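Coordinate inspection notes
Single-letter residue listing:
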Amino acid sequence: ATLFGSGGSGITTGYIVLTVQPVATNPFAGLPPLIGTVRISTGTTSALTALVTDPSSEFFVTPTTETAVTYTGLAITNDGSTSVNVSVEIFAGNGVQLGSTTFALPGNSSKIQLLRELIPASLSHDGGYVRISSPSGLNVIAFRGNFTSTELIHLPLQKLP
């Protein structure tokens with residue numbers, strides 16, 4: 001918001017595209033390394049994670065929690081130009097599937113929701129894992145927090161090799 005002059009009053013989500021080109025005319029000059037971060041925050045807490053675009057067709061998140069006081073959130077992004085079907089499945093710690101949902105995610109868009117909003121059967125779940133999959137590559141960020149806004153952590157994603 002500060003970068004584009006809106007004074008911080010309206011932007012809460014969005015994205016920026018950087019096009020980087022070498023300045024030098026030296027044929028051996030390369031692109032400079034860029035490192036970005038993503039901050040997910042509430043009024044009193046925030047979690048910071050590296051911004052890595054490493055799309056995959058399958059991600060696993062663990063441990064996950066959906067109770068009266070804690071939640072798990074997912075941000076799923078389709079960087080492609082065409083719509084893809086995304087499946088989200090939640091499993092208990094013993095491997096039993098608690099529920100699933102499938103939705104279409106348009107190209108160049110994101111879906112950001114709590115796990116309980118995506119799969120109502122996930123409520124009262126603590127300690128299992130979530131599988132996010134699609135025929136095309138996606139980017140996913142996962143986080144966990146509590147409704148008193150005293151805890152918010154980034155959950156690392158796992159991919160099959």
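In the block above lies the structure referred to throughout.
Parameters at a glance
Residues numbered from 1 in each chain as written. Predicted model: local features only at pLDDT ≥ 70, side-chain atom pairs only at ≥ 80, totals over all residues. Heavy atoms only, no water. Helix = DSSP H or I, 4+ residues; strand = E, 2+ residues; numbered from the N terminus. Polar contact = N/O pair within 3.5 Å; in protein donor to acceptor, adjacent residues only side chain to side chain. Salt bridge = Lys/Arg side-chain N within 4 Å of Asp/Glu carboxyl O. Contact = heavy atoms within 4.5 Å.

Time to look at the environment of N94. Among the secondary structure elements, N94 is positioned in the loop between β5 (84-91) and β6 (97-105). Placed 34 residues apart in sequence, N94 and G128 show a C-alpha to C-alpha distance of 7.6 Å. Among the polar contacts made by the side chain of N94, one reaches the main-chain amide nitrogen of V96 at a distance of 3.1 Å.

So, about the pattern of salt bridges. Within the structure shown, the criterion is met by three salt bridges. With a closest N to O distance of 2.4 Å, E66 and R116 form a salt bridge. Of this pair, E66 sits in strand β3 (residues 56-66) while R116 sits in helix α1 (residues 115-118), placing them 50 residues apart in sequence. A salt bridge links R131 to E89, with the nearest nitrogen and oxygen atoms 2.5 Å apart. Of the two residues, R131 is situated in strand β8 (residues 125-146) and E89 in strand β5; the sequence distance between them amounts to 42 residues.

On to the side chain of S122. Residue position: S122 is located in the loop between α1 and β8. Sequence-distant contacts of S122, defined by excluding residues within four places in its chain, comprise E66, I90, L115 and R116.

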